[in-house]
Amino acid sequence: EVQLVESGGGLVQPGGSLRLSCAASGFTFSSYAMSWVRQAPGKGLEWVSSINSGGGTTSYADSVKGRFTISRDNAKNTLYLQMNSLKPEDTAVYYCARGWDLQRVDYWGQGTQVTVSS
């Protein structure tokens with residue numbers, strides 16, 4: 001059974017940082033591209049970032065480029081999202097997903113809430 005479990009969300013002040021983690025199990029993690037997707041209150045899904053199976057290729061939405069960094073540790077079956085210089089508009093539920101983009105995602109985690117507020 002494929003499982004994706006996010007952690008690391010919380011409340012942070014504008015300008016602060018958080019690191020999200022996603023623990024994967026039930027499949028060969030190192031064989032799949034992975035993504036982070038978010039959903040702000042009252043809005044649709046927004047793709048945030050993707051990383052290929054080996055970790056050598058990454059892609060970011062313009063809204064987070066230069067502030068967020070996606071990475072993975074295939075030995076630990078874990079995906080990460082380092083978020084710096086957080087803004088109130090980054091407030092959302094963040095989901096870990098298996099696949100390179102929204103069209104190719106086939107499994108989702110349960111999500112972790114990130115709230116950026118003073």
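Refer to the structure printed above.
Residues numbered from 1 in each chain as written. Predicted model: local features only at pLDDT ≥ 70, side-chain atom pairs only at ≥ 80, totals over all residues. Heavy atoms only, no water.

*Asks:* Sorry, what's going on with the environment of Gly42 here?
*Replies:* Secondary-structure assignment places Gly42 in the loop between strand 4 (34-39) and strand 5 (45-51). In this structure Gly42 comes out as exposed when scored by relative accessible area, which is 87%. (Helix = DSSP H or I, 4+ residues; strand = E, 2+ residues; numbered from the N terminus. Buried < 20%, exposed > 50% of the residue type's maximum accessible area, 1.4 Å probe, protein only.)

*Asks:* Can you walk me through the state of the cysteines in this structure?
*Replies:* Defined simply, a disulfide is a covalent bond joining two cysteines at their sulfur atoms. This model, assessed by the stated rule, comprises one disulfide. One disulfide in the model links Cys22 with Cys96; its S-S distance is 2.1 Å. Across the S-S bond of Cys22 and Cys96 the torsion is about -70°, and the bridge reads as left-handed. Taken as a pair, Cys22 in strand 3 (residues 18-25) and Cys96 in strand 9 (residues 92-98) lie far apart in primary sequence, 74 residues in all. The class for Cys22 is buried, based on a relative accessible area of 0%. (Disulfide = S-S within 2.5 Å.)

*Asks:* Please clarify how the pattern of salt bridges should be interpreted in this entry.
*Replies:* Opposite charge on two side chains allows them to pair when their charged atoms are near. Evaluation of the coordinates by the stated rule reveals six salt bridges. Linking Arg38 and Glu46 is a salt bridge whose minimum nitrogen-to-oxygen distance equals 2.7 Å. A salt bridge links Asp101 to Arg104; the nearest nitrogen and oxygen atoms lie 2.7 Å apart. Assessed through its relative accessible area of 17%, Asp101 is described here as buried. (Salt bridge = Lys/Arg side-chain N within 4 Å of Asp/Glu carboxyl O.)

*Asks:* What's the story with the sheet that holds strand 1 (residues 3-7) in this structure? I'm lost.
*Replies:* As a general point, the strands of a sheet are linked pairwise by backbone hydrogen bonds and lie either parallel or antiparallel. Read from one edge to the other, the open sheet built from four strands follows the order 1-3-8-7, with strand pairing classed as antiparallel. Looking at strand neighbours, the two that pair on one side only are strand 1 and strand 7 (68-73), the edges of this open sheet. Neighbour-to-neighbour, the strand axes of this sheet turn through a mean angle of 15°, independent of strand direction. Summarising the sheet, strand 1 and strand 3 pair through five bridges and their orientation is antiparallel. Its bridge partner lying in strand 3, Gln3 is registered against Ser25. (Pairing = 2+ DSSP bridges. Axes fitted to C-alpha atoms, helices over the stretch in contact; angles between N-to-C directions.)

*Asks:* Help me out: how do you make sense of the packing of aromatic side chains in this one?
*Replies:* Aromatic rings considered in pairs are described by the distance between their centres and by the relative angle of their planes. Under the criterion given, the structure shown has three aromatic pairs. Consider the rings of Tyr95 and Trp108, whose centres lie 6.2 Å apart with planes at 90°: the pair is edge-to-face. One end of the pair, Tyr95, is in strand 9; the other, Trp108, is in strand 10 (residues 107-108), with 13 residues separating them in the sequence. For Trp108, a relative accessible area of 36% gives the class partly exposed. Three or more aromatic residues link up through ring pairs in this structure, and these residues are Phe27, Phe29 and Tyr32. In this structure, Arg98 is placed above the aromatic ring of Tyr32, and the distance from its NZ or CZ to the ring centre is 3.9 Å. (Phe/Tyr/Trp six-rings, centres within 6.5 Å; stacked < 30°, edge-to-face > 60°. Lys NZ or Arg CZ within 6 Å of the ring centre and 35° of its normal.)

Read these as layout, nothing more, since geometry by itself doesn't imply function.
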